Amino acid sequence: MKHLVVIPTYNEIENIKEIVEEIFSLYPQVNILVVDDSSPDGTANLVKELQEKFSQLHLLIQEKKSGLAKAYINGFKWGLNNNFELFTTIDADFSHPPKSIATAIELINTGYDFACGSRYMKNGGTTEKHWFRNLTSVGGNIYANFILGKELKDWTEGFNTFTKETLSKIDLDKIKCKGYIFHAEMKYKAIKKGCKISEFPIFFKVRTKGKSKMDYKIIIEALFSVIQIKLRK
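Structural notes, computed from the coordinates. As the structure is a computational prediction, the values presented were derived from the model and not from experiment. (Residues numbered from 1 in each chain as written. Predicted model: local features only at pLDDT ≥ 70, side-chain atom pairs only at ≥ 80, totals over all residues. Heavy atoms only, no water.)

1. Re the pairing of strand β5 (residues 114-118)
Logical step 1: With five of its five residues buried, β5 lies for the most part within the structure.
Logical step 2: Burial along β5 is two-sided: the face carrying F114, C116 and S118 and the face carrying A115 and G117 are both buried.
Logical step 3: Bridge count for β5 against strand β7 (residues 160-163) is three bridges, and the pairing is antiparallel. From the neighbouring strand, C116 faces β7, where its bridge partner is N160.
Logical step 4: Pairing of β5 with strand β8 (residues 197-201), which is carried by five bridges, proceeds in the parallel orientation. Paired with G117 across the bridge in β8 is F200. (Buried < 20%, exposed > 50% of the residue type's maximum accessible area, 1.4 Å probe, protein only. Helix = DSSP H or I, 4+ residues; strand = E, 2+ residues; numbered from the N terminus. Pairing = 2+ DSSP bridges.)

2. As for the packing of aromatic side chains
Logical step 1: Counting across every chain of the model gives nine aromatic pairs.
Logical step 2: Aromatic pair Y72 and F76: ring centres 5.8 Å apart, planes at 20°, arrangement stacked. With Y72 and F76 both in helix α3 (residues 68-81) and four residues apart, this pair spans about one turn of that helix. F76 matches Y72 in its accessibility class, with the two residues each being buried. (Phe/Tyr/Trp six-rings, centres within 6.5 Å; stacked < 30°, edge-to-face > 60°.)

3. Examining the sheet that holds strand β4 (residues 86-89)
Logical step 1: One open sheet accounts for seven strands, arranged β3-β2-β1-β4-β7-β5-β8; its pairing is mixed. With partners counted over all chains shown, the strands left at the sheet margins are β3 (57-61) and β8, one partner each. Averaged over all pairs of adjacent strands, the angle between strand axes in this sheet comes to 20°, irrespective of strand direction.
Logical step 2: Here α3 sits on the sheet and contacts β1 (3-9), β2 (31-36), β3, β4 and β7; the angle it forms with β1, its principal contact strand, is near 155°.
Logical step 3: Strand contacts of helix α7 (residues 182-192): β4, β5, β7 and β8, with the helix running at about 140° to β5, the strand carrying the most contacts. (Axes fitted to C-alpha atoms, helices over the stretch in contact; angles between N-to-C directions. Contact = heavy atoms within 4.5 Å.)

4. Some points on the packing of helix α1 (residues 16-26) against helix α2 (residues 43-51)
Logical step 1: With their axes 10 Å apart at the nearest point, α1 and α2 run at an angle of 35° to one another. When the axes of α1 and α2 are compared, the crossing they make is right-handed. Counted together, I16, K17 and V20 of α1 and T43, L46, V47 and L50 of α2 form the full contact between these two elements.
Logical step 2: Along the lines of polarity and charge, the residues of the contact of α1 with α2 split into five nonpolar, one polar and one charged. (Left-handed = near helix turned anticlockwise from the far one by under 90°. Nonpolar A, V, L, I, M, F, W, Y, C, P; charged D, E, K, R; others polar.)

Spatial relationships are all this shows, so hold off on functional conclusions.
Next up, the structure:
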């Protein structure tokens, strides 16, 4: 299947070259789309330089800073318009292990529609040491399972692979969440539409370069957004 890896970026000039090179070294058959959220640090310009080396590297620049969810949705629409059949979402900062894309592809090939990376299942884990972030992440997933009435180990994890049919069923124009909770809305809508979802373990690494985009406002917003996901038709 024609496979697109979508990488959203905002001020990732310290990471983008390395992540692009590693993905292509592992999976030379894929295409990569970097969706840059108007980074002031020159991320997009570096991607343009890398395009001279990699013909399967693409760049989509959002005219103004619009956030993570919008970046992904625009990336998915670009991919659908260019006839891609398989989509993988991955962070630019090496939080997600590129080598585990292979595991997701195997799950898709065995009949699943949506393969989700998970920190909270056997053989998964994280290097996060901040007690509050760990507490809110674990507690948030318990809370999401309770509110949404569906059982997943890791609702907000953003390392996912799914088919174009899954995107069509979800209806991207009806996605309302912003930030990391966007991933939970995608998963919930896929389950409600009857898509077959499987989780697989990943080891999440806290970034070593660049600045984290996570803050307390995002966490609080996510708690309220889970209720909105449940109430939306």
